[in-house]
Amino acid sequence: MKFDPASKIQDLQYFGEFGGVNPSISDSSTYTFLSAKTMFDTFEGNTEGCYLYSRHSSPSNLYLGEALAAMEATETANVTASGMGAITAVILQLCGAGDHIVSGRTVYGGTYAFMKNFLPKLKVTTSFIDITKPEVVEAAITPHTKMIYCEAVSNPLLEVADLEALSAIARKHNIPLVVDNTFTPMNITPKNHGADIVIHSLTKFINGSSDTVGGVVCGTKDFCLSLKDVNDGAAMLLGSTMDSLRAASVLKNMRTLHIRMKKHSENALYLAQKFEADGLKVVYPGLPSHPGHETMKRMINADYGFGGMMTLDAGSLEKANALMEMMQERNLGYLAVSLGFYKTLFSAPGSSTSSEIPEEEQKAMGLSDGLIRFSIGLDEDIERTYQSMKTCMKELGILSEAVTA
Ligand SMILES: *Cc1c(COP(=O)(O)O)cnc(C)c1O
């Protein structure tokens with residue numbers, strides 16, 4: 001059956017307090033109770049459907065959460081102040097001293113640093129494994145393992161996780177499969193392939209305007225309520241709450257997400273095909289040469305393509321840096337971390353977003369010095385962009401002069 005995340009969002013209907021076409025923004029940190037008894041019950045944990053205090057929830061945050069839950073086909077969702085706020089809350093809710101995580105080794109640098117450097121202080125350990133090999137994942141599970149953690153399409157190497165195979169392993173061991181879907185909103189709906197908890201950094205494609213950080217945890221009602229439990233909820237007690245004003249603005253940006261994702265995917269596929277034909281080392285899951293191509297093809301919501309992220313190997317860090325500077329100078333994009341912007345963004349992950357990962361390990365996972373990560377923008381004339389990028393590569397000797405196609 002075809003699943004269309006955009007029509008799920010379209011089915012939602014909200015009105016503002018005075019019939020406005022956008023929901024009213026809640027401008028309060030605290031909420032009144034009609035009776036003292038209800039307030040007591042709320043602190044006893046019966047908080048469902050109640051507004052109490054905006055660190056717990058607010059109407060604006062609930063509207064955004066509902067839209068994200070509709071997109072991800074989960075029962076509900078909790079929005080957070082950042083993607084890391086979502087990731088750390090989920091992990092700390094599920095793990096305590098003595099527990100263990102099995103995680104993909106090519107995950108976002110901040111997630112990697114949290115698992116590798118921070119969690120051991122709480123006596124939580126992590127095995128970083130090659131997530132594309134289900135037998136390796138299963139072998140890493142111990143009686144103390146509390147979750148399998150992965151990115152649907154990983155940062156920055158664009159490895160594709162076979163969510164169906166991973167969820168079968170998770171089920172067998174009675175642990176949840178937690179999936180960070182930041183690179184592929186709308187492209188992949190992890191819940192439909194067996195994921196139990198789906199996380200996003202809203203900072204990237206979902207908000208899409210590089211003007212805020214934000215995050216979300218999509219999951220069951222039980223789990224999302226546990227996260228904001230006043231007595232022991234990690235989201236509630238660690239306090240990574242999104243502000244209501246920001247939630248309202250992210251919701252408005254989300255209304256164009258389906259159109260943007262199609263264009264990001266279309267442009268990325270165009271450039272990946274062209275550069276591959278020119279003989280460059282391009283990694284894009286939409287290319288048949290990508291090891292995860294067939295797996296991703298099985299998982300995608302076909303209308304949305306293979307996403308807007310692509311990598312290209314410039315040969316060395318010097319060449320990568322020179323190329324990025326030249327492309328920025330010629331207004332082909334910005335030399336910046338992050339992703340999902342209308343402009344193309346590029347960075348060399350080995351020396352930036354993945355610098356938390358030690359050099360040895362970067363090598364082992366195939367993260368080379370000359371690797372450039374591209375978040376492909378919404379350029380209308382992508383052929384012109386391609387020609388201009390190719391000119392830069394020829395001038396720098398990354399592409400030989402002989403390539404004219
Ligand atoms: C950016 C990013 C995060 C962290 O999100 P923030 O909003 O910056 O906290 C987590 N996972 C992935 C895959 C990311 O790209």
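Summary of the structure given here. (Residues numbered from 1 in each chain as written. Predicted model: local features only at pLDDT ≥ 70, side-chain atom pairs only at ≥ 80, totals over all residues. Heavy atoms only, no water.)

### Regarding the packing of aromatic side chains
Here comes step 1: As enumerated under the stated definition, the model contains 7 aromatic pairs in all.
Here comes step 2: Measuring from centroid to centroid gives 4.7 Å for F341 and Y342, while their planes differ by 70°, and the two rings are edge-to-face.
Here comes step 3: Taking the relative accessible area as the measure of exposure, Y342 reaches 46% and is therefore partly exposed.
Here comes step 4: Over the face of the ring belonging to F118 we find K121, whose NZ or CZ atom lies 4.3 Å from the ring centre. (Phe/Tyr/Trp six-rings, centres within 6.5 Å; stacked < 30°, edge-to-face > 60°. Buried < 20%, exposed > 50% of the residue type's maximum accessible area, 1.4 Å probe, protein only. Lys NZ or Arg CZ within 6 Å of the ring centre and 35° of its normal.)

### Quick look at the packing of helix α11 (residues 257–277) against helix α15 (residues 382–395)
Here comes step 1: Following both chains from N to C, one finds α11 and α15 inclined at 40°, their axes separated by 10 Å at the closest point. One way to sum up the angle between α11 and α15 is to call them oblique. Like other packed secondary-structure pairs, α11 and α15 cross with a definite hand, here right-handed. Listed contacts from α15 to N267, Y270, L271, K274 and F275 of α11 are I382, E383, Y386, M389, K390 and M393.
Here comes step 2: A class-by-class count of the residues in the contact of α11 with α15 yields 7 nonpolar, 1 polar and 3 charged. (Axes fitted to C-alpha atoms, helices over the stretch in contact; angles between N-to-C directions. Helix = DSSP H or I, 4+ residues; strand = E, 2+ residues; numbered from the N terminus. Parallel < 35°, antiparallel > 145°, perpendicular 65-115°, else oblique. Left-handed = near helix turned anticlockwise from the far one by under 90°. Contact = heavy atoms within 4.5 Å. Nonpolar A, V, L, I, M, F, W, Y, C, P; charged D, E, K, R; others polar.)

### Let's talk about α11
Here comes step 1: For α11, with 21 residues, the first-to-last C-alpha span of 30 Å sits near the 30 Å given by 1.5 Å per residue.
Here comes step 2: Residues of α11 that are buried: L257, R260, M261, K263, H264, S265, N267, A268, L271, A272 and F275.
Here comes step 3: Tucked into the core, α11 has its buried residues touching α3 (59–72), α10 (244–254), β8 (281–283), β9 (309–313) and α15.
Here comes step 4: Taken from the residues just after α11, G279 is the one with a positive phi, measuring 95°. (Expected span 1.5 Å × (residues − 1).)

### A short note on the sheet that holds strand β10 (residues 334–335)
Two modes of strand pairing occur in sheets, parallel and antiparallel, and in both the strands are linked by backbone hydrogen bonds.
Here comes step 1: A sheet is described by the order of its strands in space; here 5 strands give the open sequence β8-β9-β12-β11-β10, paired in mixed fashion. At either margin of the open sheet sits one strand with a lone partner, and together these are β8 and β10.
Here comes step 2: Bridge count between β10 and strand β11 (residues 345–347): 2 bridges; the pairing is parallel. Counterpart to L335 in the pairing with β11 is F346. (Pairing = 2+ DSSP bridges.)

### Focus: the sheet that holds strand β5 (residues 177–180)
Here comes step 1: The strand order across the open sheet formed by 7 strands is β1-β7-β6-β5-β4-β2-β3, and the pairing between neighbours is mixed. Because the sheet does not close on itself, it has two edges, and the strands there are β1 (76–80) and β3 (125–129). Each adjacent strand pair in this sheet contributes to an overall mean axis angle of 20°, direction not counted.
Here comes step 2: Two strands pair when backbone bridges link them, and β5 and strand β6 (residues 197–201) are joined in this way by 3 bridges, in the parallel orientation. The residue bridging V179 from the neighbouring strand is V198, located in β6.

### What to know about a negative patch on the surface
Here comes step 1: Together, E318, E359, E360 and D369 line one region of the surface with negative charge.
Here comes step 2: Within the fold, E359 resides in helix α14 (residues 359–364).
Here comes step 3: A residue is classified by how much of its surface remains accessible, and E359, at 58% relative accessible area, is exposed. (Patch = residues over 30% accessible without salt bridge, like charges linked within 9 Å, V, L, I, M, F, W, Y side chains within 5 Å. Areas by Shrake-Rupley, 256 points an atom, 1.4 Å probe, with all protein chains shown as cover. Salt bridge = Lys/Arg side-chain N within 4 Å of Asp/Glu carboxyl O. Lys, Arg positive; Asp, Glu negative; His and termini not counted. Charge placed at Lys NZ, Arg CZ, Asp CG, Glu CD.)

### Here's the deal with the nonpolar core
For soluble globular proteins, nonpolar side chains are generally found buried alongside one another.
Here comes step 1: Counting 83 residues, the largest nonpolar core has L64, L68, F275 and M310 as the members making the most contacts within it.
Here comes step 2: It is α11 that contributes the most residues to this core, 6 residues altogether.
Here comes step 3: Each of domain 1 (5–254) and domain 2 (258–404) contributes no fewer than three residues to this core.
Here comes step 4: Not counting residues up to four positions away in its chain, the partners in contact with L68 are V79, L202, I206, V216, C218 and M254.
Here comes step 5: Residues I87, V90, L119 and V178 belong to the second largest nonpolar core, which totals 28 residues. (Core = buried A, V, L, I, M, F, W, Y, C linked by side-chain atoms within 4.5 Å. Domains from an automatic or database assignment.)

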